[in-house]
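Take a look at the letters that make up each chain.
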Amino acid sequence: MPRHKESFLAKNLLTMLTVAGVLGGTILGCVLRNAQQEPWTPRQVMYLQFPGDIFLRMLKALIIPLLVSSVIGAIGSLDLSLSKKIAARSIIFYATTTVCAVILGIILVITIRPGTSAAADYADVKYTKPAVRQVLTQDTLLDLIRNLFPPNLVHATIAQTQTKLIVPENATGIPLENWKFVEVYEGTTNVLGLVVFGVVMGISLGMMGERGKPLLVFFETLSEAMMIITSWVIWISPLGVFFLVSAKVMETESFGDLVGRLGLYFMTVMLGLFLHGFGTLSVIYFVCTRTLPFTTIGKLSQVLVTAFGTASSSATMPITIQTLDRMGVDPRVTRFVIPVGATINMDGTALYEAVAAIFIAQFRSIPLSFGQVVAVSITATAASIGAAGIPQAGLVTMVMVLDTVGLPAEDVTLILAVDWLLDRFRTTINVMCDSLGARLVDMLSKGELGRVSDNDKNNADPHELVEIAKDTTHI
Ligand code: ASP
């Protein structure tokens, strides 16, 4: 099949269009918000968001078939010792970067002290009771482990286990540990459970050798077909993000006013995200690979803009995988590292959780001991791991970080106004870190992966069908 020569131009065209989508959406949203005195009704916002929703639905539809087939296909064509090495390298990278993000966040928030200045400005703001869930750190961690082992695979595609605390009649004074709890199933895909199943299935098919081939080829083919569909959906992203962003801006009330009040907090998180993304991550990447990541980050721009537009690591996943394939990252690495990263590796979220909790403590004039700051760091890490890759999931797990410093769940209201915007930026950093992780693990495993491919000439080259996808869509 002939390759298209203009692929470089076309690739950049798509990114430029998507960036234009974000900017255009922001402008349209601002114009509409100022076009009338009273706020737009939820129905009107829904109409504007409708095309964006359709784009999100398309992306989400790809996740399960892509995830399951690609993990099985990738692991099935690797040997066991190499799978272990890839898993170990990615987990070490993820853990290191998350810890660095939290430490950076804490240093910034303690130095800048945004809470102290906001406290005065915020005196007149009334509380609205947010729809938050009371959670304990240990429950979140146990849920994470439970979700690794879904009891029913079909169910895992639509829900995951979550421990819910039942608010007692007279809750004041009763510690959360003494509340009754129930295990419920929440309506988001249990990505981790599916990945674990995919890894085990892949390993068993790999061990079966010739007899496992038909099923392995089935999953590989399914994965490649999903990649082709992804490369079609990707072309809708400029329009999708245009409508998602414009509807969000349109429904935001007195945005300028609230950013003003929370300005310093907003800037602290933004500075942290920037320093982490372009400082810490770059240093770690450089130390491990002896190359700077900036060209790689440039090539990821389509992924980053989509992450910004959708505010969801999971929804961005098909595009992340596709882009990394195009960049030449070994698909066997991408297909393990990205789904795991999109679920548990959230540096931006970890940084934000730490900053926000300490910001609120400063706001409430609660002095924190060194031990409490350490406790915040640990819970912020856990909260980021436990947060799902969906919009504003970090806000929900924030509650458990607040709990470590004895703050009530209601206090998340203080940061609610700017959270949707910070969510977009932190999701962008989350996805950037996942992608750099895949690139780094690929580079570190290059030699071993090359040897495996040479020994296994019968396997279809996973790059080949990505090329077909490119040809089909003229990317
Ligand atoms: N929206 C984020 C993500 O999908 C999670 C969060 O921080 O709320 O990565």
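Up top is the structure these notes are about.
Residues numbered from 1 in each chain as written. Predicted model: local features only at pLDDT ≥ 70, side-chain atom pairs only at ≥ 80, totals over all residues. Heavy atoms only, no water.

Asker: Would you take a moment to explain the overall build of the protein chain for this structure?
Answerer: Each helix and strand counted, the protein chain has 20 helices and two strands in total. Classification of the 475 residues of the protein chain by burial places 53% in the buried group. Considering only contacts in the protein chain between residues 6 or more positions apart, those separated by 24 or more positions represent 85%. Summed over all atoms, the accessible surface of the protein chain reaches about 20,600 Å², with 68% contributed by carbon and sulfur. (Helix = DSSP H or I, 4+ residues; strand = E, 2+ residues; numbered from the N terminus. Buried < 20%, exposed > 50% of the residue type's maximum accessible area, 1.4 Å probe, protein only. Contact = heavy atoms within 4.5 Å. Areas by Shrake-Rupley, 256 points an atom, 1.4 Å probe, with all protein chains shown as cover.)

Asker: Just to check I follow, could you spell out the pattern of salt bridges for this structure?
Answerer: All told, the structure shown has nine salt bridges when counted by the stated rule. The closest approach of N and O atoms between Lys248 and Glu251, which form a salt bridge, is 3.0 Å. Of this pair, Lys248 and Glu251 both sit in helix H9 (residues 237-251), three residues apart, which is roughly one turn of that helix. By relative accessible area, which is 37% here, Glu251 ends up partly exposed. The salt bridge partner of Asp325 is Arg335, with a shortest N-O separation of 2.8 Å. Of this pair, Asp325 sits in helix H14 (residues 313-326) while Arg335 sits in helix H15 (residues 331-344), placing them ten residues apart in sequence. Of the two residues, Asp325 and Arg335, both sit in the buried class. (Salt bridge = Lys/Arg side-chain N within 4 Å of Asp/Glu carboxyl O.)

Asker: Looking at this structure, how should I read the site of the ligand?
Answerer: Close contacts around the ligand come from 16 residues, with Ser313, Thr349, Gly394, Asp423 and Arg426 the closest. At 3.0 Å from a nitrogen atom of the ligand is found a main-chain nitrogen or oxygen belonging to Ala311. Within the contact set of the ligand, an oxygen atom lies 2.9 Å away from a side-chain nitrogen or oxygen of Asn430. Secondary-structure elements contributing two or more residues to the shell around the ligand are helix H18 (393-404) and helix H19 (413-455). The element contributing the most residues to the shell around the ligand is H19, with four residues. (Near = heavy atom within 4 Å. Polar contact = N/O pair within 3.5 Å; in protein donor to acceptor, adjacent residues only side chain to side chain.)

Asker: Looking at this model, I keep getting lost on unusual backbone geometry. Mind explaining?
Answerer: Trans peptide bonds make up the majority, and among non-glycine residues the majority have a negative phi. Here Arg290, not a glycine, exhibits a phi torsion of approximately 60°, which is positive. The residue Arg290 is located in the loop between helix H11 (263-289) and helix H12 (294-299) in this model. You can call Arg290 exposed: its relative accessible area is 61%. Despite not being glycine, Ser365 has its phi angle at roughly 55°, a positive value.

Asker: Explain a nonpolar patch on the surface here, please?
Answerer: A contiguous nonpolar patch, built from Ile112, Leu264, Leu271, Phe274, Leu275, Phe278, Val283, Phe286, Val287, Leu292 and Phe294 and spanning about 950 Å² of accessible area, is present on the exposed surface. No other element matches the eight residues that H11 contributes to the nonpolar patch. By secondary structure assignment, the location of Leu264 is in helix H11. (Patch = residues over 30% accessible without salt bridge, like charges linked within 9 Å, V, L, I, M, F, W, Y side chains within 5 Å.)

Asker: Hey, could you run me through the packing of aromatic side chains in this one?
Answerer: The geometry of two aromatic rings is summed up by the distance between their centres and the angle between their planes. Under the counting rule described, the total for this entry stands at seven aromatic pairs. Plain terms: the ring middles of Phe93 and Tyr94 are 6.0 Å apart, the flat faces sit at 55° to each other, and that makes the pair tilted. A relative accessible area of 4% means that Phe93 is categorised as buried. Of the residues examined, Tyr94 reaches a relative accessible area of 3% and is grouped as buried. Ring centres of Phe274 and Phe278 lie 5.2 Å apart, and the angle between their planes is 35°; on these two criteria the pair is classed as tilted. Of this pair, Phe274 and Phe278 are both found in helix H11, four residues apart, which corresponds to roughly one turn of the helix. What links up through ring pairs into an aromatic cluster is the set Tyr265, Phe359 and Phe363. The ring of Tyr352 has Arg426 lying over it, and the distance from NZ or CZ to the ring centre is 3.8 Å. (Phe/Tyr/Trp six-rings, centres within 6.5 Å; stacked < 30°, edge-to-face > 60°. Lys NZ or Arg CZ within 6 Å of the ring centre and 35° of its normal.)

Asker: Sorry, what's going on with H9 here?
Answerer: Under the 1.5 Å per step criterion, the end-to-end length of H9 is 21 Å for 15 residues, consistent within 8% with the ideal 21 Å. Burial of H9 is extensive: eleven of the 15 residues sit out of reach of the surface. Looking only at H9, the buried set comprises Ser237, Pro238, Gly240, Val241, Phe243, Leu244, Val245, Ser246, Ala247, Val249 and Met250. (Expected span 1.5 Å × (residues − 1).)

Asker: Help me understand the nonpolar core in this model?
Answerer: One broad rule of soluble globular proteins: the nonpolar side chains tend to lie buried together. Ranked by size, the top nonpolar core spans 59 residues in total, and within it Ile86, Phe93, Met317, Leu324, Phe336 and Val337 carry the most contacts. Apart from residues lying up to four places away in sequence, Val337 is in contact with Ile86, Ser90, Tyr94, Asp434, Gly437, Ala438 and Val441. Listed in part, the 53 residues of the second largest apolar core include Val249, Phe308, Ala409 and Val418. (Core = buried A, V, L, I, M, F, W, Y, C linked by side-chain atoms within 4.5 Å.)

Asker: Would you take a moment to explain the packing of helix H13 (residues 301-310) against H14 for this structure?
Answerer: When two helices pack together, their arrangement is given by the angle between the helix axes and the distance between those axes. H14 packs onto H13 with a crossing angle of 180° between their chain directions and a minimal axis gap of 9 Å. With respect to H14, the element H13 is oriented roughly antiparallel. Where H13 approaches H14, its residues Gln302, Val303, Thr306, Ala307 and Thr310 are matched on the opposing element by Ala315, Thr316, Ile319, Thr320 and Thr323. Considering only residue class, the contact of H13 with H14 consists of four nonpolar, six polar and no charged. (Axes fitted to C-alpha atoms, helices over the stretch in contact; angles between N-to-C directions. Parallel < 35°, antiparallel > 145°, perpendicular 65-115°, else oblique. Nonpolar A, V, L, I, M, F, W, Y, C, P; charged D, E, K, R; others polar.)

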